[in-house]
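Below, each chain spelled out in residue letters.
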Amino acid sequence: MIAEPEDLGDAPPEAAVTRWFDLPTRLPGPAFWEVVLATESARCARYHRPATIVLAEVVAPRDVGGDWGGVVTQPRAELVARTLRSGCRASDYLVRLGEARFAVLLAETDEIAAINMVERVRASCGRALRELAGDPWVAFGWASPVAGQSLLAAARTAEDRLRREAASGGPG
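A short tour of the structure in this document, coming up. Fair warning: this is a prediction, and the values are worked out from it, not measured in the lab.

## Here we look at unusual backbone geometry
Of note, H48 is a non-glycine position whose phi angle comes to about 55 degrees, a positive value. Here H48 falls in the exposed class, since its relative accessible area comes to 66%. The phi dihedral of E108 falls on the positive side, at around 55 degrees, and the residue is not glycine. Tracing the backbone through its elements, the reader meets E108 in the loop between β5 (101-107) and α4 (111-129). Residue classification places E108 among the partly exposed residues on the basis of a relative accessible area of 39%.

## Some words on the nonpolar core
Of all hydrophobic cores here, the largest spans 24 residues; its most connected members are V80, L84, F102, V138 and F140. Where this core is concerned, the elements lending two or more residues are β3 (51-59), α3 (70-87), β5, α4 and β6 (137-143). Here this core takes six residues from α4, the largest share from any one element. Among the nonpolar cores identified, the runner-up in size contains 21 residues, and I53, L105, W137 and A154 belong to it.

## Describing the layout of surface pockets
The probe, sized like a water molecule, is rolled over the atoms to show the empty space still left. Computed from the structure, the largest pocket encloses a volume of approximately 210 Å³. Looking at the largest pocket, it is lined by 16 residues, and the ones nearest its centre are C44, R49, P145, V146 and Q149. Ranked by the residues each element gives to the lining of the largest pocket, the list is headed by helix α1 (residues 30-47), at three residues. Class assignment of the residues belonging to the lining of the largest pocket gives a composition of eight nonpolar, six polar and two charged.

## Digging into the sheet that holds β5
Here we have four strands laid out as an open sheet, ordered β4-β5-β3-β6, and antiparallel in their pairing. Only two strands of the sheet have a single neighbouring strand rather than two, namely β4 (93-96) and β6. When the angles between neighbouring strand axes are averaged without regard to direction, this sheet yields 15 degrees. Sheet topology places β3 next to β6; seven bridges connect them, and they run antiparallel. If you follow L55 over to β6, its bridge partner there is G141. Sheet strands touched by α1: β3, β4 and β5. Its angle to β5, the strand with the most contacts, is close to 25 degrees.

## Concerning the environment of A100
The topology assignment puts A100 in the loop between β4 and β5. Placed 43 residues apart in sequence, A100 and E57 show a C-alpha to C-alpha distance of 5.4 Å. The residues touching A100, leaving out its near neighbours within four places in the chain, are A56, E57 and V58.

## Examining α1
Because each turn of an α-helix spans 3.6 residues, side chains separated by three or four positions end up pointing in the same direction. Taking 1.5 Å of rise per residue, 18 residues should cover 26 Å, and α1 covers 25 Å from first to last C-alpha, within 8% of that figure. For α1, the complete set of buried residues consists of P30, A31, W33, V36, L37, E40, S41, R43 and C44. On the buried face of α1, the contacting elements are β3, β4, β5 and α5 (151-168). Note on α1: the residue one or two positions beyond its end, H48, has a positive phi of about 55 degrees.

## Observations concerning the environment of A77
With respect to the secondary-structure elements, A77 resides in helix α3. Among the residues examined, A77 registers a relative accessible area of 1% and is labelled buried. Spatially, the C-alpha atoms of A77 and V58 are 7.2 Å apart, while their sequence positions differ by 19 residues.

## Thoughts on the side chain of D22
Mapped onto the elements, D22 comes out in strand β1 (residues 21-22). Looking at D22, the relative accessible area reads 2%, which means it is buried.

The rules we used
Residues numbered from 1 in each chain as written. Predicted model: local features only at pLDDT ≥ 70, side-chain atom pairs only at ≥ 80, totals over all residues. Heavy atoms only, no water. Buried < 20%, exposed > 50% of the residue type's maximum accessible area, 1.4 Å probe, protein only. Helix = DSSP H or I, 4+ residues; strand = E, 2+ residues; numbered from the N terminus. Core = buried A, V, L, I, M, F, W, Y, C linked by side-chain atoms within 4.5 Å. 1 Å grid on protein atoms, 1.4 Å probe; cavity = no way out; pocket = protein on both sides within 12 Å on 5 of 7 lines; lining within 4 Å. Points joined across faces, edges and corners; volume = space filled by probe spheres on them. Nonpolar A, V, L, I, M, F, W, Y, C, P; charged D, E, K, R; others polar. Pairing = 2+ DSSP bridges. Axes fitted to C-alpha atoms, helices over the stretch in contact; angles between N-to-C directions. Contact = heavy atoms within 4.5 Å. Expected span 1.5 Å × (residues − 1).

Right, here's the structure in full:
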């Protein structure tokens with residue numbers, strides 16, 4: 001779910017990113033993700049309903065972010081957050097996990113439908129990032145639990161896929 005706080009407009013810069021909320025992208029943070037994973041994992045196990053974890057990370061082959069830090073990384077993250085948000089349904093959980101990493105929980109979505117979503121969002125992110133310095137792109141990893149597997153195990157599979165894609169230098 002996408003958070004829209006009303007009263008954070010005058011928050012000091014150090015309060016912009018917390019474990020619960022990221023003000024620049026207006027997305028929940030990693031603590032919220034932990035709660036979502038726990039509750040949705042229990043729901044999936046009890047009711048045997050499909051769900052898919054999607055992880056996304058901004059990657060720059062010429063890492064200008066390493067040289068310039070947040071001055072370059074933050075606009076990329078905000079752009080990717082907006083693009084991911086536009087590719088998600090209102091019932092999906094979208095969070096910012098780190099400087100350049102995002103996670104989405106697609107409830108009631110099997111892995112085939114999730115792949116279709118990933119490819120749509122991948123194309124949108126590519127178009128959105130095309131003009132930025134350092135040739136950034138977005139790596140994705142996704143997974144649904146297989147029979148007898150938990151949503152947490154699927155999250156680990158998604159993480160492995162994300163790492164492989166990021167290391168490969170590009171999708172496919």
